[in-house]
Every structure is written in C-alpha cells, then in structure tokens.
Amino acid sequence: MTQGKVPTLINLPSCFLGTSAPCYNDVEMLTESSWNDCNIRRIFIRKVYAILMIQLLVTLAVVALFTFCDPVKDYIQSNPGWYWASYAVFFITYLTLSCFTAPRRQFPWNLIMLAIFTLSLSYMTGMLSSFYNTKSVVLCLGITAAVCLLVTIFSFQTKFDVTSYQGVLFIFCMVLFLSGIMLALILPFKYVPWLDTLYATLGAILFTMFLAFDTQLLMGNKRYTISPEEYVFATLNIYLDIIYIFSFFLQIFGTRRE
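Analysis parameters
- Residues numbered from 1 in each chain as written.
- Predicted model: local features only at pLDDT ≥ 70, side-chain atom pairs only at ≥ 80, totals over all residues.
- Heavy atoms only, no water.
- UniProt positions renumbered as here; feature names shortened; annotations may be inferred.
- Helix = DSSP H or I, 4+ residues; strand = E, 2+ residues; numbered from the N terminus.
- Buried < 20%, exposed > 50% of the residue type's maximum accessible area, 1.4 Å probe, protein only.
- Areas by Shrake-Rupley, 256 points an atom, 1.4 Å probe, with all protein chains shown as cover.
- Salt bridge = Lys/Arg side-chain N within 4 Å of Asp/Glu carboxyl O.
- Patch = residues over 30% accessible without salt bridge, like charges linked within 9 Å, V, L, I, M, F, W, Y side chains within 5 Å.

Looking up the protein chain in an unreviewed UniProt entry gives the name Protein lifeguard 2, with the organism given as Takifugu rubripes. We quote the UniProt Sequence similarities (unreviewed entry) comment for the protein chain here in full: "Belongs to the BI1 family. LFG subfamily." Here is the UniProt Subunit (unreviewed entry) comment for the protein chain, exactly as written: "Interacts with FAS/TNFRSF6 and BAX."

Before going further, it helps to examine the overall build of the protein chain. Assigned secondary structure in the protein chain consists of nine helices and two strands. Each helix and strand of the protein chain, placed in order from N terminus to C terminus, yields the pattern β-α-α-α-α-α-α-α-α-β-α. In the protein chain, which comprises 258 residues, the share counted as buried stands at 48%. Looking at the protein chain as shown, the accessible area adds up to about 12300 Å², and 72% of this sits on carbon and sulfur atoms.

Okay, the pattern of salt bridges next. One pass over the structure, following the stated rule, counts four salt bridges. Glu230 is the salt-bridge partner of Arg104, the closest N and O atoms lying 2.6 Å from each other. Taken as a pair, Arg104 in helix H4 (residues 101–105) and Glu230 in the loop between strand E2 (224–226) and helix H9 (231–253) lie far apart in primary sequence, 126 residues in all. The same class applies to Arg104 and to Glu230, which are both buried. A salt bridge links Arg105 to Glu229; its shortest N-O distance comes to 3.2 Å. Of this pair, Arg105 sits in helix H4 while Glu229 sits in the loop between E2 and H9; the two residues are 124 residues apart in sequence, bridging distant segments of the chain. Put simply, Arg104, Arg105, Glu229 and Glu230 are held in one network by salt bridges that share partners.

Residues Leu178, Ile181, Met182, Leu185 and Ile186 make up a contiguous nonpolar surface patch of roughly 450 Å² in combined accessible area. Note that Ile181 resides in helix H7 (residues 166–186). With a relative accessible area of 30%, Ile181 lands in the partly exposed category.

In this section: the environment of Leu198. Secondary-structure assignment places Leu198 in helix H8 (residues 193–219). Owing to a relative accessible area of 42%, Leu198 belongs among the partly exposed residues under this scheme. Sequence separation between Leu198 and Ile252 is 54 residues, and the spatial gap between their C-alpha atoms is 8.5 Å.

And the structure:
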C-alpha cells in the first residue's frame, strides 16, 4: 500500500480547527471556578469517566476487529466511501454537540448523538489502524494508554494550572493547523518522512496538552472549570484528545503494511 493511499485523521486541514479545537464559547459552560459542593463534582467526574470508558471500549473493539480480521480489513480498505461517510457524520455531530447548547444538554438526544459520534470516529480510527502492522497498532495503543494515564495523574495532582494557558494552546493549535495545510500541499508531490514525523510529534504534544487542559476543567479546582451540566461536552473532548493522541503516535511509531 503506497503512502498516498493511507487515510489519516490528521493530515486533513479541515479536521484540525474544524473538529478538534473545542468551542469554549458558552459563558455558562466555561467560567471561573465556583464549585463549592465536592459531592456534585465527584458525581460529575464519575459520570464523565464512565461514559468515556464505554467510548474507549467501543473504539478498541472496532480497532481490534479492523486490525485482526482480514475479511473486514480487506472490505473497508477496498471501500473508502464508508470512511468519508463516517467522516461527514463525525464532523456534523461534533459541530452540533460542541457549538450548540440545547442538543448536548437535552437527554436522551445528547447521548444518542454522542453514540453516533463515537461510532463514526471509531470507524475512522479502525480504518486508519488497518493500514498499519498489527504489532505497531498494539504498541501505539500501549503508549497512548500510558501517556493518558500519566497526564491524568499529573492533572489531578499538580498545582500547575493548565486552564490559565488558553492563549498558548490556541497559538500552538494555529501553528499546527498552518503546518497541516503546508504538509497537505507538499505530500502529494513528494513524501518527506522527517517532515511528516515532525508534524505528528507536534500534534501528539499539542493534544497531550489539550488532555491536561480538559482534565483540569473537569476537576473544577483550578481557575476555570466546566459546568456540571456539560458532561457530554467534557466526555467528547477528552475522548477526542485520546483518539488524536493515538492517531499521531500511530503516524510516528507505526509500520505500514506492505
């Protein structure tokens, strides 16, 4: 399989600021920390991580199916139209849930849309993984799990307030977005391995920072916090951070199938 035929979640400029930069534009959603009831915070955190575990298990199952089952792998690789259809569903559901208050707060439609979002992104991640060596996929899953665990522990234990550095994250995101556009223009003419690896490394660092940022928003004991009503939005962003970290690690450490 040649380089140009491998689909990716990260080399498409529209998926960067369009689908990965959180829409923190709701005043009621992102405010200065005012949680005094620790019980509400604990319930909120448990709810978010319970939903997140279900999302990750679904994604892991799809990745395993697409990686280890040869008939399924051959089918999805020979029918790329399903990938683009899932990307369209992913894009629409993400924008709806992240940029509109009513859909993400109205039960049970918020969970239904979150489920559709999870399935579409799981399909995209599974198809991307199917183009890589099985050992590479397992290795990157392990690295992602270790990094996410360390970042979560760091975010809960440290006194360093990541939520105060929104400007730094925004600038970093814009730099990576512009780099993605340049890479998309260069790669069709000539594949540059070190440039591709550099881009993936910067992307992994950025979304690791986003994971720490979103985790501390969830905690509610820093300068900024997220409303307890926004459990769907909080889950969506942490899940998306983890998936992007995995996809960047796959680009860095993964070995393509011949």
